[in-house]
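# Structural description and commentary
What follows is each chain in one-letter form.
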Amino acid sequence: MKQIAQRVFRETLAAIDIPATLQKKLARSDSLIHAGEKAVDLRKFEKILTIAYGKGSFAMAEGLARVLAPEFRTEGILVVPAAPPRDLAGWKTFVGGHPVPNAGSFAAARAILDQLARCDERTLIFFLISGGGSSLVEQPLDPSVTLDDLQELHAALVTCGAPIDEINAIRKHLSATKGGRLAAAAPRSLKLTWAVSDVPEGQESALASGPTLPD
């Protein structure tokens, strides 16, 4: 039994090695990477931008940078719930609030939307999403809504006892970063999303309130 438990433990650790999993999923060969059944040629793009946020975003960002290096360089925005262990070259880092957004969450969302607005067909965008993203990146659809307003809303939602998909359905309809709106913010660019999911299968749009998935 001890040997079985040790083997299960080792296999589980290997399965949640985020950089290794990204390397396997992307399966880069020279300039080609894979997204499902689609092959993408990195050389067709002038710029690679990565938007990474959530509890696992630092590991995901570092893993992607390793996969692309040294031939291809990505710059991006990293949003984490606590200061990361080290800086990533070419990345701008924000510390957002969790489970309630803070000023960093607002600043991160504004920076992301500004970056995406400058993207065109020559830009390849990676979205690296993990749990906790709903509060880490936030910007109201209605500019009259304040940070205090959204903090009060988020605090009420996360303590109301509703399932996460119902909570995030409400968040999506009030936010400029949720319900597919980040994908829509760069309509001319090719966008690829990888996610470490903590929501039930079939409810992927609830993860971080679905920044790149339709409601």
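Above this text you will find the structure in question.
Residues numbered from 1 in each chain as written. Predicted model: local features only at pLDDT ≥ 70, side-chain atom pairs only at ≥ 80, totals over all residues. Heavy atoms only, no water.

This part covers unusual backbone geometry. Glycine aside, the phi torsion of most residues is negative, and most peptide linkages are trans. Of note, the amide linkage connecting Ala69 to Pro70 takes the cis form, showing an omega dihedral of 0 degrees. Note that the residue after His98, namely Pro99, is joined by a cis bond; omega there is 10 degrees. Among the structural elements, Pro99 can be located in the loop between strand S5 (91–95) and helix H4 (103–117). Even without a glycine there, the phi angle at Ser209 is positive, about 60 degrees. (Helix = DSSP H or I, 4+ residues; strand = E, 2+ residues; numbered from the N terminus.)

This paragraph deals with a nonpolar patch on the surface. A cluster of nonpolar side chains, namely Met1, Ile4 and Val8, defines an oily patch on the protein surface of about 340 Å² accessible area. In this structure, Met1 sits in the segment before helix H1 (2–15). Take Met1: its relative accessible area is 82%, and that puts it in the exposed class. (Patch = residues over 30% accessible without salt bridge, like charges linked within 9 Å, V, L, I, M, F, W, Y side chains within 5 Å. Areas by Shrake-Rupley, 256 points an atom, 1.4 Å probe, with all protein chains shown as cover. Salt bridge = Lys/Arg side-chain N within 4 Å of Asp/Glu carboxyl O. Buried < 20%, exposed > 50% of the residue type's maximum accessible area, 1.4 Å probe, protein only.)

Take H4 next. Taking 1.5 Å per residue as the helical rise, H4 with its 15 residues ought to reach 21 Å, and the 21 Å between its terminal C-alpha atoms agrees with that figure. Regarding H4, the residues found buried are Gly104, Ser105, Phe106, Ala108, Ala109, Ala111, Ile112, Leu113, Gln115 and Leu116. Measuring from the side-chain oxygen of the N-cap residue of H4 to the backbone nitrogen of Gly104 gives 2.9 Å; that N-cap residue is Asn102. (Expected span 1.5 Å × (residues − 1). Polar contact = N/O pair within 3.5 Å; in protein donor to acceptor, adjacent residues only side chain to side chain.)

So, on to the packing of aromatic side chains. Under the criterion given, the structure shown has 1 aromatic pair. For the ring pair Phe126 and Trp194, a centre distance of 5.8 Å and an interplane angle of 35 degrees mean the geometry is tilted. Residue Phe126 is found in strand S6 (residues 123–130), and its partner Trp194 is found in strand S7 (residues 190–196); the two are separated by 68 residues along the sequence. Here Phe126 matches Trp194 in class, with each residue buried. (Phe/Tyr/Trp six-rings, centres within 6.5 Å; stacked < 30°, edge-to-face > 60°.)

By themselves, these observations are geometric and do not establish any function.
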